[in-house]
Amino acid sequence: MTSFVISSDMAAEGSEDLSGNGEMDNQEGELGDSEAFVAPNPENQSSEEADGTVMEAVESTAPYTMPVVEGEEEDEGELPVDFDRLWKVAHDNPQDFTSWTDLLQYCEQEGHMTASRRALNAFLLRYPLCYGYWKKFADMERRAGNNVKAEEVCVQGLKAIPLSVDLWIHYINLLLGTLNMNLPESTQRIRSVLEEALEAAGMDWHSDRLWDLFAEWEKEQGNLKAMTVVYDRALKVPTQLYRGHYDKLKTHINSNPPLDILSEEEYQTLRTEYKQSQAQGEGSNPTEEEEERPPGEEEPADNDDGKDSEEAVQKMQELLLAGREKIFQENEAEVRKRWTFEDAIKRPYFHVKPLDKAQLKGWQSYLDWEMAEAKGEHAGSTEGAEGTEEAEAAAAEAEQEAPNAEGGISGHKRVLILFERCLIACALYEEFWTKYAHYMEQSSVEEARTVFRRTCEVHLPYKHSVHLHWATFEERHGNFTVAQNILETLEQTMPGLAVVRLRRAGLERRLGHLDRAETMLTEAVEQSKENPQLHAFYSIKLARLLLKLGKNASRARSVLQEAIELNPDNGKLHLNLLELEVSGDPRTNGTGVQQCVTRALAAPLSPRTKILFSQRGLQFAEDFGATVQSVLTMYDEHQKLLKEIGPKKRGAENGDSDDPEKVSRTDDGSAAAQTAPPTVPPAPMTAPPPPMMGDMSGSYGGYGSWYQQPQYGGYGGYQNPWNQYNQYYPPS
């Protein structure tokens, strides 16, 4: 009997230890879910999770938080000896999964309820997708005789991961084992929970066990009509074991008269269809026969006992199966479309171990394909009614359509389910969360916001880039205060990130709060003095803000000069100070430019950088010098610098020129083509110069390109000495 099977399963699950299947025994931090280390039965394989949550994504406006169970802090004496130590290790590094499993295993070994509850609550708050631990938590409470608490744990777990078929079945088995099934309200309670389970997880690819459980339970209750309805619904859902549902439905139909398994309305419709087919086969008109019958006289039954004849039953069963066969074929076509994608998914459950590239690419391809299918379906549903009320109604219907006995699953709903499944296996990959949020934003800004909230507050609290996406999303939709709070909270959680401070300052600047932006950058400059490179970075940002928007060249100059004193070998600081001087009035800034060039030439900069500064000073003197003598002076100094640095630079580039073999090859011209420098035309003013201080693109969170190198691209044209001045000014 089905009831015996369910009760036996419940007893078996209730007798497990916390470490019964390795979930809490894991010593290597590899645990993700309860079945992560158990080879699944192909016939019973569940979705292993698909986090669900169409329910959560649509209804929840706040991240999941684990409530404190009433009576949790019951006094059981002092906590175990090593509890505080392991607890501190886990909380000091909450991203270390192994420290949590060590804590949970220790609590299980000690058998201390208060310690176990506290550890499980804290663990599941950070890793709510580990559905196996929810099951263990519920079993622990049930073994302690706390059936109400066990139910509460299951309910909280299903809020966190509604697509978990295993957790739903565990919850249903718990109710079957604790409720008095002789009471009508208990039966109604089980049926209600089964309906909730199908609504939340019934569209998952691995939801077959849930459908079978519901159908068999209805059969056990003697409700064959409800059993038919369940299998009719399952017949429209693409699942891994879709054919099994059809086979069971056929057995169900062939084993029972239609009167016993169909609703009254459907039975009468079927019987009418049967009589019409019979009449067409005999060549008579059933309508005329009915008219000959006196008014009010009931249609005679096939047999004296009021039941259909065996022949009628058989024919009606054939008609029933013919109608179901068409639905089955349509569903099979949907299954075939998805089979290749589903077959490529090797790890559908959550795990802290990274997925391989093939798995990630497979999920991306599957999502893109499903979204394209939904888009095509949506376009087809509104075709011919564009710009009309009918089009709007069709679009709304397509969005709200859900699986039921009358219809299939809308493309939009399938996309949601697939995203939720993906975000169990790929919960630690921000690109899938942002993809989901962007998709949801097309239909609902609030739902997209819920996705971002789940991402940043539950699953990826330490991934700064997705928080930045969230802040940008809120700013784009006019929620400036929310965006400010997101960035401020992120900086408190992960202090020291330059990209976050710049985003905060940029947001304030865009809101017109220049004083706040200036204050933030000034604080960053003061706080980064222990890190010269970061100090230089913030100083350049602050100086640019003061110069370009604050129109305060004096303060900008002071900021850069102070930074140069702290970090004199930073060429970018010198370049920005030079740009500041050059951008001013040349009639009054000539001395400032000269001082800037002199300071740079005296600093411990690279030869190439010094040549650049000397060229820049010479160009300024040529363009804006008050006297020809000032130009000649700059030219002489530049030539002197070239003579001092040039041989060293060429020696470093060409190697030891005293090598006899190299000398002989150069003398006879055989190596001239190899040693002669290529002729490079002057670079346009928009071209950036070659890097002078190494690649800094990786510094400061990828903001290396924000340095002002492109402004100096025009001076790439000074690669050759200023020989053109020889025709005007004789060598000194």
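Because the structure is predicted, anything quoted here is derived from the model rather than measured. As a convention, each chain's residues are numbered from 1 in the sequence order in which they are written. At least 70 in pLDDT is required for a residue's local features to be given in this predicted model, at least 80 for side-chain atom pairs to be given and counted, and no such filter applies to totals for whole chains, interfaces and linings, which use all residues. Hydrogens and water molecules were not included; the side-chain quantities draw on all heavy atoms of the structure.

Participant: Help me understand the overall build of the chain, please; the structure alone is not making it clear to me.
Facilitator: Only DSSP runs of H or I reaching four residues or more are called helices, and only runs of E reaching two or more are called strands; each is numbered from the N terminus. Helix and strand content of the chain: 33 helices and 0 strands. Across the 732 residues that make up the chain, the buried fraction comes to 47%. Three exposure classes are used, based on accessible area relative to the maximum for each residue type with a 1.4 Å probe and protein chains only: buried under 20%, partly exposed in between, and exposed over 50%.

Participant: Any chance you could explain the packing of helix α24 (residues 498-510) against helix α26 (residues 532-549) here in plain terms?
Facilitator: As a rule, the C-alpha atoms of each element are fitted with a line to give its axis, helices using only the stretch in contact, and angles between N-to-C directions run from 0 to 180 degrees. Where α24 meets α26, the axes come as close as 12 Å, and the angle between the chain directions of the two elements is 10 degrees. In terms of axis orientation, α24 runs roughly parallel to α26. Between α24 and α26, the residues in contact are Ala-498, Arg-501, Leu-502 and Arg-509 and Leu-534, Phe-537, Tyr-538, Lys-541, Leu-545 and Leu-549, respectively. For this classification, under 35 degrees means roughly parallel, over 145 means roughly antiparallel, 65 to 115 means roughly perpendicular, and everything else is oblique. We call two residues in contact when some of their heavy atoms are within 4.5 Å.

Participant: Can you walk me through the packing of aromatic side chains in this structure?
Facilitator: Here the distance between the centres and the angle between the planes together describe a pair of aromatic rings. By convention, a stacked pair of Phe, Tyr or Trp rings (six-membered ring in the case of Trp) has centres within 6.5 Å and planes under 30 degrees apart, an edge-to-face pair has planes over 60 apart, and any other such pair is tilted. Considering all chains together, one arrives at 17 aromatic pairs under this definition. Here the aromatic rings of Trp-205 and Trp-339 are separated by 5.6 Å at their centres, their planes lie at 65 degrees, and the arrangement is edge-to-face. Here the residue Trp-205 occupies a position in the loop between α9 (184-201) and α10 (208-220), and Trp-339 occupies one in helix α16 (residues 310-343), the gap between them amounting to 134 residues. An aromatic cluster of three or more residues is present, and its members are Phe-97, Trp-100, Phe-123, Tyr-127, Tyr-133 and Phe-350.

Participant: Please explain unusual backbone geometry as it appears in this structure.
Facilitator: Unusually for a residue other than glycine, Lys-551 sits at a positive phi of about 55 degrees. Relative to the elements of secondary structure, Lys-551 occurs in the loop between α26 and α27 (553-566). What makes Lys-551 exposed here is its relative accessible area of 67%.

Participant: Would you mind showing me how to read the side chain of Arg-449 here?
Facilitator: Looking at the secondary structure, you find Arg-449 in helix α21 (residues 445-459). The exposure class of Arg-449 is buried, given its relative accessible area of 12%. Any pair of nitrogen or oxygen atoms within 3.5 Å is treated as a polar contact; in protein, a donor-acceptor pairing is required on top of that, and neighbouring residues in sequence qualify only through side-chain atoms on both sides. A distance of 2.8 Å separates the side chain of Arg-449 from the side chain of Glu-474, its partner in a polar contact. With residues near it in sequence (within four places) discarded, Arg-449 still touches Trp-470, Phe-473, Glu-474 and Asn-479.

Participant: Hey, could you run me through the environment of Arg-191 in this one?
Facilitator: Within the secondary structure layout, Arg-191 lies in helix α9. Exposure remark for Arg-191: the relative accessible area of 21% places this residue in the partly exposed category. Distance from Arg-191 to Phe-214, taken between C-alpha atoms, is 8.1 Å for residues 23 residues apart in sequence. In this view, Arg-191 contacts Phe-214, Trp-217, Glu-218 and Asn-223; residues no more than four positions away in its chain are not counted.

Participant: Got a minute to help me understand the nonpolar core in this structure?
Facilitator: In terms of nonpolar packing, the biggest core is built from 81 residues, with Leu-103, Phe-123, Trp-168 and Leu-210 touching the most fellow members. The element that contributes the greatest number of residues to this core is helix α8 (residues 165-178), accounting for 9 residues. Ignoring any residue separated from it by four or fewer positions in sequence, one finds Trp-168 in contact with Leu-158, Pro-162, Val-193, Glu-196, Ala-197, Ala-200, Ala-201 and Leu-210. Judged by nonpolar contacts, the second largest core, of 41 residues, contains Tyr-366, Leu-416, Tyr-429 and Met-440. What is meant by a nonpolar core is a set of buried Ala, Val, Leu, Ile, Met, Phe, Trp, Tyr and Cys residues, joined one to another through side-chain atoms within 4.5 Å.

Participant: Looking at this model, I keep getting lost on helix α5 (residues 113-126). Mind explaining?
Facilitator: Two residues of an α-helix separated by three or four positions point the same way, owing to the 3.6 residues in each turn. To estimate how far a helix should extend, the number of its residues minus one is multiplied by 1.5 Å. Helix length check: α5, at 14 residues, gives a terminal C-alpha distance of 20 Å against a target of 20 Å (1.5 Å per residue), a fit within 8%. The element α5 is extensively covered by neighbouring structure, given that 11 of its 14 residues are classed as buried. Along α5, the residues that are buried comprise Met-113, Thr-114, Ala-115, Ser-116, Arg-117, Ala-119, Leu-120, Asn-121, Ala-122, Phe-123 and Leu-124. On its buried side, α5 packs onto α3 (83-92), α4 (97-110), α6 (131-143) and α7 (147-160).

Participant: I keep staring at the pattern of salt bridges and nothing clicks. Help me out?
Facilitator: Note that side chains of opposite charge can pair when their charged atoms are close. The salt bridge criterion pairs a side-chain nitrogen of Lys or Arg with a carboxyl oxygen of Asp or Glu, the two atoms within 4 Å. Counting across every chain of the model gives 35 salt bridges. Put simply, Arg-555 and Glu-518 hold a salt bridge, and the shortest N to O gap is 2.4 Å. Of the two residues, Arg-555 sits in helix α27 while Glu-518 sits in helix α25 (residues 514-527), which places them 37 residues apart along the sequence. Via salt bridges that share partners, Glu-334, Lys-337, Arg-338, Glu-370, Glu-373 and Arg-414 belong to a single interconnected network.

Participant: Please explain the environment of Val-89 as it appears in this structure.
Facilitator: Following the sequence through the fold, Val-89 ends up in helix α3. Counting along the chain gives 14 residues from Val-89 to Leu-103, while the straight-line C-alpha distance between them is 8.8 Å.

Participant: Please explain the packing of α4 against α5 as it appears in this structure.
Facilitator: Helix packing geometry: the angle between the two helix axes and the distance between the axes. Taken N-terminus to C-terminus, the directions of α4 and α5 make an angle of 155 degrees; their axes are 9 Å apart at the nearest point. Of the possible angle classes, the one that applies to α4 and α5 is roughly antiparallel. Crossing geometry of α4 relative to α5 is assigned as left-handed. Contact residues: α4 offers Phe-97, Trp-100, Leu-103, Leu-104, Cys-107 and Glu-108, while α5 offers Ala-115, Ser-116, Ala-119, Leu-120, Ala-122, Phe-123 and Arg-126. Left-handed describes a crossing whose near helix is turned anticlockwise from the far helix through less than a right angle; right-handed describes the clockwise counterpart.

Participant: Teacher, can you tell me more about the side chain of Asn-570 here?
Facilitator: Structurally, Asn-570 can be placed in the loop between α27 and α28 (571-582). At 3.0 Å, the side chain of Asn-570 and the backbone nitrogen of Lys-572 are in polar contact.

Participant: Can you help me understand the confidence of the model for the chain in this one?
Facilitator: Low-pLDDT stretches of the model should not have their predicted coordinates read in fine detail. The predictor attaches a confidence to each residue, called pLDDT, with possible values from 0 through 100. On average, residues of the chain score 76 in pLDDT, and 70% of them are at 70 or above. Low pLDDT, under 50, characterises residues 394-408; the stretch is placed with 26 contacts to residues that sit more than four places away or in other chains. With pLDDT under 50 throughout, residues 651-732 is counted as low confidence; its partners more than four residues away or in other chains account for 94 contacts.

Participant: Which parts of the structure should I look at to understand helix α19 (residues 411-425)?
Facilitator: Along its 15 residues, α19 runs 22 Å from first to last C-alpha, staying within 8% of the 21 Å computed at 1.5 Å per residue. In terms of burial, α19 is a largely internal element, 15 of the 15 residues being buried.

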